[in-house]
Amino acid sequence: MRSKPVEKKKRITLTSKEISELFAEGIITVVLLLLLNVAIIVVGTSVRENSPLLVEAIYESKTAFTDAFNTDIFRSGRNFILPLFFFLDVIVLYWRLIRRYHQMQLRHIISELHYIAEGNYDHRIPFELRGDLNRVVSNINVLVDSTVAAIQDERRIEQSKDELITNVSHDIRTPLTSIIGYLGLIEDRQYHSEEELLKYTHTAYVKAKQMKSLVDDLFEYTKVRQPSVPINLVSFDMAQFVEQLAADFELEATRKGIKIETYTRPNHIEMDGDTEKLVRVFNNLLSNALKYGKGADTIRMEVEKVGTEAILTVKNNGQMIPKQALDSLFDRFYRVEESRSQETGGTGLGLAIAQSIVALHGGYIYANSTPEWTSFIIHLPLTRNNLSSTQNYG
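Let me sum up the structure you'll find in this document. (Residues numbered from 1 in each chain as written. Predicted model: local features only at pLDDT ≥ 70, side-chain atom pairs only at ≥ 80, totals over all residues. Heavy atoms only, no water.)

**Quick look at a nonpolar patch on the surface**
A contiguous nonpolar patch, built from Phe23, Ile27, Ile28, Val31, Leu32 and Leu35 and spanning about 610 Å² of accessible area, is present on the exposed surface. Tracing the sequence through the fold places isoleucine 27 in helix 1 (residues 16-49). (Patch = residues over 30% accessible without salt bridge, like charges linked within 9 Å, V, L, I, M, F, W, Y side chains within 5 Å. Areas by Shrake-Rupley, 256 points an atom, 1.4 Å probe, with all protein chains shown as cover. Salt bridge = Lys/Arg side-chain N within 4 Å of Asp/Glu carboxyl O. Helix = DSSP H or I, 4+ residues; strand = E, 2+ residues; numbered from the N terminus.)

**Digging into the packing of aromatic side chains**
What the rule picks out here adds up to four aromatic pairs. Seen in terms of ring centroids, phenylalanine 241 and phenylalanine 282 are 5.9 Å apart; in terms of plane orientation they differ by 70 degrees. Their pairing is edge-to-face. Of this pair, phenylalanine 241 sits in helix 6 (residues 238-255) while phenylalanine 282 sits in helix 7 (residues 275-292), placing them 41 residues apart in sequence. Residue classification places phenylalanine 241 among the buried positions, given a relative accessible area of 13%. Take phenylalanine 282: its relative accessible area is 2%, and that puts it in the buried class. Judged by centre distance (6.3 Å) and plane angle (20 degrees), the rings of tyrosine 364 and tyrosine 366 are stacked. Within the aromatic cluster, the residues linked to one another by ring pairs are Phe236, Phe241 and Phe282. Of note, lysine 315 hangs over the ring of tryptophan 373, and the distance from its end group to the ring centre comes to 4.7 Å. (Phe/Tyr/Trp six-rings, centres within 6.5 Å; stacked < 30°, edge-to-face > 60°. Buried < 20%, exposed > 50% of the residue type's maximum accessible area, 1.4 Å probe, protein only. Lys NZ or Arg CZ within 6 Å of the ring centre and 35° of its normal.)

**Quick look at the sheet that holds strand 5 (residues 309-316)**
What the five strands build is an open sheet, ordered 2-4-5-7-6; its pairing is mixed. Edge strands, defined here as strands with exactly one partner in the open sheet, are strand 2 (259-265) and strand 6 (364-369). Averaged over all neighbouring strand pairs, the angle between strand axes comes to 15 degrees, with direction disregarded. Alignment of strand 6 against strand 7 (residues 374-381), held across six bridges, turns out to be antiparallel. Residue pairing in the sheet places tyrosine 364 in a bridge with histidine 379 of strand 7. Along the sheet face, helix 6 touches strand 2, strand 4 (298-306) and strand 5 and points at about 175 degrees away from the line of strand 2. (Pairing = 2+ DSSP bridges. Axes fitted to C-alpha atoms, helices over the stretch in contact; angles between N-to-C directions. Contact = heavy atoms within 4.5 Å.)

This is the structure we're talking about:
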């Protein structure tokens with residue numbers, strides 16, 4: 001997400017119209033309070049004059065307060081009734097003005113919110129407030145941040161879908177064009193011998209296999225990218241698992257003059273995982289090492305238990321991968337050299353599939369490349385409990 005500009009907090013400045021509204025509110029409130037005070041005094045005087053018992057009770061109360069506090073201030077009702085009215089009037093006036101001021105603040109906040117809603121997503125409500133309004137502004141800004149992030153994520157997803165369609169179309173069109181071309185030659189009987197006919201059919205067959213490989217990888221990629229894809233966890237020995245994988249690739253590696261070595265510490269590492277999906281990860285990594293590790297004579301698979309996770313490394317001593325390419329290795333359809341796809345039939349989805357499978361297991365994968373070793377390092381949690389706490393990683 002692109003970082004938004006930091007806006008300096010400021011106090012809300014009232015317009016001249018709002019100041020006039022506030023002043024008018026104060027005047028009206030004062031007038032109403034004065035009328036209310038006069039009405040209370042008139043009603044109270046009338047009630048007192050028509051109730052001798054009330055007059056006697058008031059007189060006794062005044063005498064009691066005078067004797068208790070040893071002061072004549074309670075002899076006259078004006079000495080405490082008028083200050084009491086004034087105190088209550090000030091409280092009511094203050095409450096009314098603050099209430100109206102908060103309404104004006106809300107109008108400014110709503111105006112800022114409308115400005116953001118018009119498409120100015122880099123803007124945030126910059127007001128420095130107190131109390132509940134400050135929490136409202138903070139929550140609105142957080143909500144806008146979340147909304148902007150969701151919009152940008154949606155745009156990235158749409159762009160990613162467009163790129164996926166473009167790349168798939170390009171990668172399918174190339175072999176499909178060759179297939180149609182050679183089958184067209186056969187259809188028009190533009191061949192001079194059975195040998196030439198077999199050459200055309202063989203080329204079409206090879207191109208069809210490339211298309212099938214792409215479709216299979218694309219299906220696998222979209223399947224493992226689904227957040228609801230099931231993981232069939234079983235408990236297994238990762239050390240033995242790696243030994244078996246090395247044995248499966250030993251013949252192919254020997255043909256290329258490459259030696260596969262395994263190293264585990266400790267010798268027995270029990271962990272939980274979906275072995276079928278993990279086989280796909282290591283098959284992709286080993287296949288890439290055999291295909292693209294130019295000049296390599298050794299592939300080493302290392303497994304080490306560190307705390308609650310297993311660190312697995314597949315590395316070869318072949319040609320170094322350029323530093324600028326490392327960050328893009330796990331992107332869909334990315335190839336360090338475009339010519340490699342023609343030479344090896346690679347789809348550019350293998351490492352993206354491996355990354356998605358590792359993420360499903362709650363782990364992560366990254367690559368390092370030096371003149372000595374090109375390494376793919378995987379971190380996986382050992383147990384089901386660790387997996388459940390990291391399932392949303394990546």
